[in-house]
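# Residue-level structure breakdown
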Amino acid sequence: MDEEKVESLLHKAKDLIPVDDHLKKQLRKSFESKKKKKINSTILYGITLAAILFLSFVFVSQPPKTVNAIELLVTNAIPFIDVANGDIQTIANHEGRLYVTMKNQEVYTLNTSGLGLSKIATKEAENLKYLLEKEDLTIEGRFTIYEDKGNILIKDLKKNETTIVDKGHSPSINRTGDYIAYIKEDNGMDQIWIADTNLKTKKQLTTNLLQRDSTKPLYQYRTPVWGEEHAIYLIKERMFDDEIEETRLMQIELSTEKLTSEQTVDQFMQALVVRDDDYAKSLMVSPPDFLTVSNPRISNYKILSTNEGKHVDEVRVEITRTDSHLPYLNNNLYTFKLNEVDGSYKIKEVTEDQSTTISSVDMKTFQLIQDGETRALFTLDQLNKQEIKTSEYRFSSIAFDDDNNRIYFGIQEMATGESIFGVSIWVYDMRNNELTFLKRMEQIQDDSNLVLESMLVSTDQNYIALNIFSESNLIPSVYILDLTNPQNDFYLDQSYATYWRGEELIYESINPLFTTLQSIKVNNSKIPK
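Residues numbered from 1 in each chain as written. Predicted model: local features only at pLDDT ≥ 70, side-chain atom pairs only at ≥ 80, totals over all residues. Heavy atoms only, no water.

## Some words on the environment of methionine 441
Mapped onto the elements of the fold, methionine 441 is located in strand β27 (residues 434–441). Residues methionine 441 and isoleucine 425 lie 16 residues apart in sequence; the distance between their C-alpha atoms is 8.6 Å. The residues touching methionine 441, leaving out its near neighbours within four places in the chain, are Gly422, Val423, Ile425, Leu450, Leu466, Ile468 and Tyr479. (Helix = DSSP H or I, 4+ residues; strand = E, 2+ residues; numbered from the N terminus. Contact = heavy atoms within 4.5 Å.)

As structure tokens, then:
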């Protein structure tokens, strides 16, 4: 198998999962920086993050006391489940559980952890079907909500009086009966609104955008449903002209407590990781047209420090970008400057303080570019050839342990004749100028001829997650290398690693109908090799 075939396989694998085909062709700096660099576009294989664990473990909103709708602040609005080919039909909340109905009539429920969907047995799904078809919009003894002729109305059951709440459709009442969520068209674009059931205030929660070079809206929203706490779930459909390009289940978290400047930057970075430009832009004073691209993509970030000033806060962040299946890594230090706008912190400026790039342009020599100087590190010829089983091979994906100055990299073998090819993982110790072979793989279960797409080093530097697929099966698997004890290596079938948090791996579980986020505590894992 030659280089062109590897690239062809990567393209085919990419097509199995919904990706943002518009953004991947636009290469633009993620931030307004003091330095501008041009990076060549490369083979694009990457699975759009379908879900994000940060919704629950990075920032957990405190359920607000009953206040007017206009006082509630959006503290998170990142989509967390990708639904392939728009197969989702509707969502509903029944007795405190969120249910998702697919177009093939299968019913799933959101896991109690807030991550992933679990299928409901057919018999139970049949019993639930009627209950999930229409939300009960009556708060017993108080009022009922309904829509008529483009308006949302509330009927006071005691006074027998009906009042228009607002123009809109698809209303949903929260558990306590204090708020209504609904969809309202504004200048030809859907927006999500909330209103008080006592009719005092109302507030727009989303900021829909126009499609590029078009007067048509970028998003359609469907079936907003309140969760148990002050959170709204809804279906968000990304449009291309009049066609649905991508369908996601998203959650809007509300709170009376505003995000701190550090939490705002954390949310901004999470949005960039999942390539949700719209939410990221909502956290900026003057956002650019584009923030993210498919490659190089953000594979890691670390908030280093926060300096709270009288008028402006500064947050320093280390951001790592890598390129799918190619030896390229960029590690930058940024300073975010934020101030308060309308009661919330907004990012007003981002500057680049330091940049380090590790790459192999010619696929033969690794080099380090730092402070404008380029230094050769090691070459392909220095590797122990006994660990490589084909005559043709090249450098592949890389990851960087900046705490210990170690570069982890893959060697992609190229098939010659009928031979089986695989990938091997190595580490280069920059301090001691040492190259060490770690592991070679040529088969996972019954699939051989492996291709390495990307790798992620855990934040505690004890594990590496490898995203690998085979020539015969383009759905990726995750192979976990335990750097402290190789006997504990294991794999996750039909999965894609997205992010590390300590020893906890956040990964996408790939289902024919949808892709959901899962998490696994690696040191407690019992998954077989």
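## A few points about the sheet that holds β27
Spatially, the four strands line up as an open sheet ordered β24-β25-β26-β27, and their pairing is antiparallel. Sheet topology places β24 (392–401) and β27 at the edges, where each strand pairs with a single neighbour. Put simply, the sheet's adjacent strands are angled 25° from each other on average, direction ignored. As defined by bridge partners, β24 adjoins strand β25 (residues 406–414) across eight bridges and the pair is classed as antiparallel. By the bridge assignment, tyrosine 393 is partnered in β25 with glutamate 413. (Pairing = 2+ DSSP bridges. Axes fitted to C-alpha atoms, helices over the stretch in contact; angles between N-to-C directions.)

## Thoughts on the pattern of salt bridges
A complete count under the given rule lists 14 salt bridges for this structure. Note that glutamate 413 and arginine 440 form a salt bridge whose closest N and O atoms lie 2.8 Å from each other. Taken together, the residues span a long stretch of sequence, with glutamate 413 in strand β25 and arginine 440 in strand β27 at a distance of 27 residues. Taken individually, glutamate 413 and arginine 440 each receive the classification buried, so the pair is uniform in this respect. A salt bridge links aspartate 489 to lysine 439; the shortest N-O distance between them is 3.7 Å. You can see aspartate 489 sitting in the loop between β32 (477–482) and β33 (490–492) and its partner lysine 439 sitting in strand β27, a full 50 residues away along the chain. The network of salt bridges with shared partners includes Lys216, Asp241 and Asp242. (Salt bridge = Lys/Arg side-chain N within 4 Å of Asp/Glu carboxyl O. Buried < 20%, exposed > 50% of the residue type's maximum accessible area, 1.4 Å probe, protein only.)

## Details of the side chain of asparagine 330
Along the chain, asparagine 330 turns up in strand β20 (residues 328–341). A relative accessible area of 4% places asparagine 330 in the buried class. Only 3.2 Å separates the side chain of asparagine 330 from the side chain of asparagine 332, close enough to count as a polar contact. (Polar contact = N/O pair within 3.5 Å; in protein donor to acceptor, adjacent residues only side chain to side chain.)

## With respect to unusual backbone geometry
Of note, threonine 223 is a non-glycine position whose phi angle comes to about 40°, a positive value. For threonine 223, the position within the fold is in strand β15 (residues 219–226).

## Focus: the packing of aromatic side chains
Here the structure, examined in full by the defined rule, presents 12 aromatic pairs. Considering the side-chain rings of phenylalanine 409 and tryptophan 426, the 6.5 Å spacing of their centres and the 15° angle between planes classify their relative orientation as stacked. Of this pair, phenylalanine 409 sits in strand β25 while tryptophan 426 is found in strand β26 (residues 423–429), placing the two residues 17 residues apart along the sequence. Here phenylalanine 409 falls in the buried class, since its relative accessible area comes to 0%. Taking 5.2 Å as the distance between ring centres and 75° as the angle between the ring planes, the aromatic pair formed by tryptophan 426 and phenylalanine 437 counts as edge-to-face. Pair noted here: tryptophan 426 is in strand β26 and phenylalanine 437 is in strand β27, with a separation of 11 residues, a long-range link. Since its relative accessible area comes to 2%, tryptophan 426 is described here as buried. Judged by its relative accessible area of 25%, phenylalanine 437 is partly exposed. (Phe/Tyr/Trp six-rings, centres within 6.5 Å; stacked < 30°, edge-to-face > 60°.)

## As for empty space enclosed by the protein
Counted according to the given criterion, the structure contains four cavities of 30 Å³ or more. Each pocket or cavity is described by its volume, and for the largest cavity that value is around 70 Å³. In terms of residue count, strand β31 (residues 463–470) provides more of the lining of the largest cavity than any other element does, three residues in total. Across the lining of the largest cavity, the residue classes tally to five nonpolar, three polar and two charged. (1 Å grid on protein atoms, 1.4 Å probe; cavity = no way out; pocket = protein on both sides within 12 Å on 5 of 7 lines; lining within 4 Å. Points joined across faces, edges and corners; volume = space filled by probe spheres on them. Nonpolar A, V, L, I, M, F, W, Y, C, P; charged D, E, K, R; others polar.)

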